[in-house]
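Descriptive structure summary
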Amino acid sequence: MSDWKTFNDNITAEYRATGGAVTGQFAGVPLLLLTTTGAKSGKQFTTPLVYGSEGDQMFLIASKAGAPSHPDWYHNLVANPAVTIELGAETYEAKATVADPETRDRLYALQAAQMANFAEYAKATTRTIPIVLINRLA
C-alpha cells in the first residue's frame, strides 16, 4: 500500500468517524469525500478532496498538486459521471460534469484567490487543470 493511499485512507476514516471534522493539515478546510467508479476496474474508490463553491454550485479541482497528469479520480468520473458525495454527515448521489473553459477559468481564479496553493499548482504544471462541477441528484 502506497504512502499516499494510506494518507487518504486515514483522512477518510477520520472524516467518517467525526462527520467531517478532520485534524491536521485539512482542519478547517472545506473537505468532502468523493466516491467514483473505476474507469477500468469498475471498483469503487473514495478520495478526500478539497472543494470549492459558488452559490449552490460545488466544484472540484483536479490539480493533483500540480503533477503533470490528471488524478485517477478525474479519469474515473469522466468515464463514469455518477458519483457519491459525503459532505459532513450527509451522503448523496450526484452527477459530475467537467466545466467548460470559461466556467473553469472563472472558478479556478475564485479558488486560487481563496487558497493560494491552487495558484501554485497551476504554475507547477503545463496541463490545464480541469474543474469538475458536482450536481446533486434529486
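Residues numbered from 1 in each chain as written. Predicted model: local features only at pLDDT ≥ 70, side-chain atom pairs only at ≥ 80, totals over all residues. Heavy atoms only, no water.

This structure, assessed with the given rule, holds five aromatic pairs. Considering the side-chain rings of Tyr108 and Phe118, the 6.4 Å spacing of their centres and the 90° angle between planes classify their relative orientation as edge-to-face. A residue pair is termed long-range when its members are at least 10 positions apart, and Tyr108 in helix H3 (residues 101-114) and Phe118 in helix H4 (residues 117-123) qualify at ten residues. Like Phe118, Tyr108 is buried. The structure contains a cluster of three or more aromatic residues connected by ring pairs, namely Trp4, Phe7 and Phe26. Looking at Arg136, its charged tip hangs above the ring of Tyr92, at a distance of 3.9 Å from the centre. (Phe/Tyr/Trp six-rings, centres within 6.5 Å; stacked < 30°, edge-to-face > 60°. Helix = DSSP H or I, 4+ residues; strand = E, 2+ residues; numbered from the N terminus. Buried < 20%, exposed > 50% of the residue type's maximum accessible area, 1.4 Å probe, protein only. Lys NZ or Arg CZ within 6 Å of the ring centre and 35° of its normal.)

Time to look at the pairing of strand S1 (residues 31-37). Among the seven residues of S1, seven are classified as buried, and the element is accordingly described as predominantly covered. Covered by surrounding structure in S1 are Leu31, Leu33, Thr35 and Thr37 together with Leu32, Leu34 and Thr36, the residues of both alternating faces. Where S1 and strand S2 (residues 44-54) come together, seven bridges link them in antiparallel fashion. Its bridge partner being in S2, Thr36 is matched across the sheet by Phe45. (Pairing = 2+ DSSP bridges.)

It is worth spelling out helix H1 (residues 3-18) at this point. Spanning 16 residues, H1 covers 23 Å between terminal C-alpha atoms, matching the ideal 22 Å at 1.5 Å per step. When we look at burial in H1, the residues that qualify are Asn8, Ile11, Thr12 and Tyr15. Axial view of H1: buried residues confined to an arc of 100°, hence all on one face. Facing away from the buried surface of H1 by more than 90 degrees, the exposed residues are Asp3 and Ala17. Buried residues in H1 make contact with S1, S2 and strand S4 (82-87). (Expected span 1.5 Å × (residues − 1). Arc of directions from axis to C-beta. Contact = heavy atoms within 4.5 Å.)

Another aspect to go through is unusual backbone geometry. Even without glycine at this site, Lys64 takes up a positive phi of about 50°. For Lys64, the position within the fold is in the loop between strand S3 (57-61) and helix H2 (72-79). For Lys64, a relative accessible area of 38% puts it in the partly exposed group. Despite not being glycine, Ala65 has its phi angle at roughly 55°, a positive value. The class of Ala65 is exposed, set by a relative accessible area of 51%.

A separate point is the environment of Gly52. Mapped onto the fold, Gly52 is located in strand S2. For Gly52, a relative accessible area of 4% translates into the label buried. Apart from residues lying up to four places away in sequence, Gly52 is in contact with Gln57, Met58, Phe59 and Gln111.

A separate point is the sheet that holds S3. Read around the closed barrel, the six strands follow the order S1-S2-S3-S6-S5-S4; overall the barrel is antiparallel. Taking each pair of neighbouring strands and ignoring which way they run, the sheet shows an average axis angle of 45°. Of the strand pairs in this sheet, S3 and strand S6 (residues 131-136) are connected by four bridges, and their pairing is antiparallel. Counterpart to Ile61 in the pairing with S6 is Ile131. Running over the sheet, H3 touches S2, S3 and S6 and is turned about 85° from S2. (Axes fitted to C-alpha atoms, helices over the stretch in contact; angles between N-to-C directions.)

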